[in-house]
Amino acid sequence: PVVARNQAIRRVSASYQSGRQPLSTELCDKIITDVTALIDAPRWQALFAPEALCEAPVVGMVKGITVSAKIDRMLITEHFVIIADFKTGRPPHDSEAIPVAYCRQMALYGALLEGIYPAKTITCWLIWTQDLSEREVTASMRHNIILTL
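Everything numeric in this text was worked out from a predicted model, so none of it was measured.

This part is about the packing of helix α3 (residues 100-116) against helix α4 (residues 139-147). Their axes nearest at 9 Å, the elements α3 and α4 cross at an angle of 95°. It follows that α3 is roughly perpendicular to α4 by the angle criterion. Contact residues: Cys103, Arg104, Met106, Ala107, Leu108, Gly110, Ala111 and Glu114 in α3; Met141, Arg142, Ile145 and Ile146 in α4. Of the residues assigned to the contact of α3 with α4, the class counts are 8 nonpolar, 1 polar and 3 charged.

You can see Thr123 is positioned in strand β4 (residues 121-128). Relative accessible area serves as the criterion here: at 15%, Thr123 is assigned to the buried category. Thr123 has contacts with Val81, Ile82, Ile83 and Glu136, leaving out every residue within four places of it along the chain.

With that settled, the discussion passes to the pairing of strand β2 (residues 65-76). Relative to β2, strand β1 (residues 53-62) is paired through 9 bridges, and the arrangement is antiparallel. In the sheet register, Met61 faces β2, and the bridge partner there is Thr66. Taking the residues between adjacent antiparallel strands as the criterion, β1 and β2 are bridged by 2 residues, where Lys63 takes a positive phi near 50°. The sheet contact formed by β2 and strand β3 (residues 80-87) spans 4 bridges and is antiparallel. The residue of β3 that forms the bridge with Leu75 is Ile82.

Its identity is not glycine, yet Glu55 carries a phi of approximately 50°, on the positive side. The residue Glu55 is located in strand β1 in this model. A relative accessible area of 38% places Glu55 in the partly exposed class. Positive phi values are uncommon outside glycine, yet Leu132 reaches one of about 65°. Its location among the elements puts Leu132 in the loop between β4 and β5 (134-137). Its relative accessible area of 24% is what places Leu132 among the partly exposed residues.

Attention shifts here to the side chain of Asp34. Within the element layout of this structure, Asp34 appears in helix α2 (residues 25-40). On the basis of relative accessible area, Asp34 is assigned to the buried category, the value being 14%.

For the rest of this paragraph, the subject is the sheet that holds β2. An order of β1-β2-β3-β4-β5 is seen for the 5 strands of this open sheet, with the pairing classed as mixed. In this open sheet, the two edge strands, each paired with only one partner strand, are β1 and β5. Direction aside, the axes of adjacent strands within the sheet are offset by 40° on average. Judged from the 4 bridges that link them, β4 and β5 form a sheet pairing that is antiparallel. Note that in β5 the partner of Ile127 across the bridge is Glu134. Strands β1, β4 and β5 of the sheet are contacted by α4, whose axis makes an angle of about 55° with β5.

The rules behind these values
- Residues numbered from 1 in each chain as written.
- Predicted model: local features only at pLDDT ≥ 70, side-chain atom pairs only at ≥ 80, totals over all residues.
- Heavy atoms only, no water.
- Axes fitted to C-alpha atoms, helices over the stretch in contact; angles between N-to-C directions.
- Helix = DSSP H or I, 4+ residues; strand = E, 2+ residues; numbered from the N terminus.
- Parallel < 35°, antiparallel > 145°, perpendicular 65-115°, else oblique.
- Contact = heavy atoms within 4.5 Å.
- Nonpolar A, V, L, I, M, F, W, Y, C, P; charged D, E, K, R; others polar.
- Buried < 20%, exposed > 50% of the residue type's maximum accessible area, 1.4 Å probe, protein only.
- Pairing = 2+ DSSP bridges.

Everything listed is a geometric property; what it means functionally is a separate question.
If you want it as structure tokens, here you go:
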């Protein structure tokens, strides 16, 4: 897997450095370093296991709102569905609230998945690639957001 991963990294880097709006080598290196750190982080390795889903398409209705999305990573087990959405940019500090748009996004994803997997516990995470900071959008947070729709 290491050889295949290194080959993939080289392909991605080359594609970022070519085309109509190429990225600098420094920025490509930073992106690759951040992504590699995320993939290698022990806490999130299950999301990158072969049985995990990548860019998992979901479509449905939540309180009359059409939801059509691709979930960055999703792991479905016997008792749980764990989803993660990766964010770039500056993560919120510990005392800062998670941006409302992100919470609403995860609330819609969570509600849709609860309809698909009613017997499973749904866990929704936001993970910032810049520093691997994470925030859970809890079931109660998601429920409260859905009530406002």
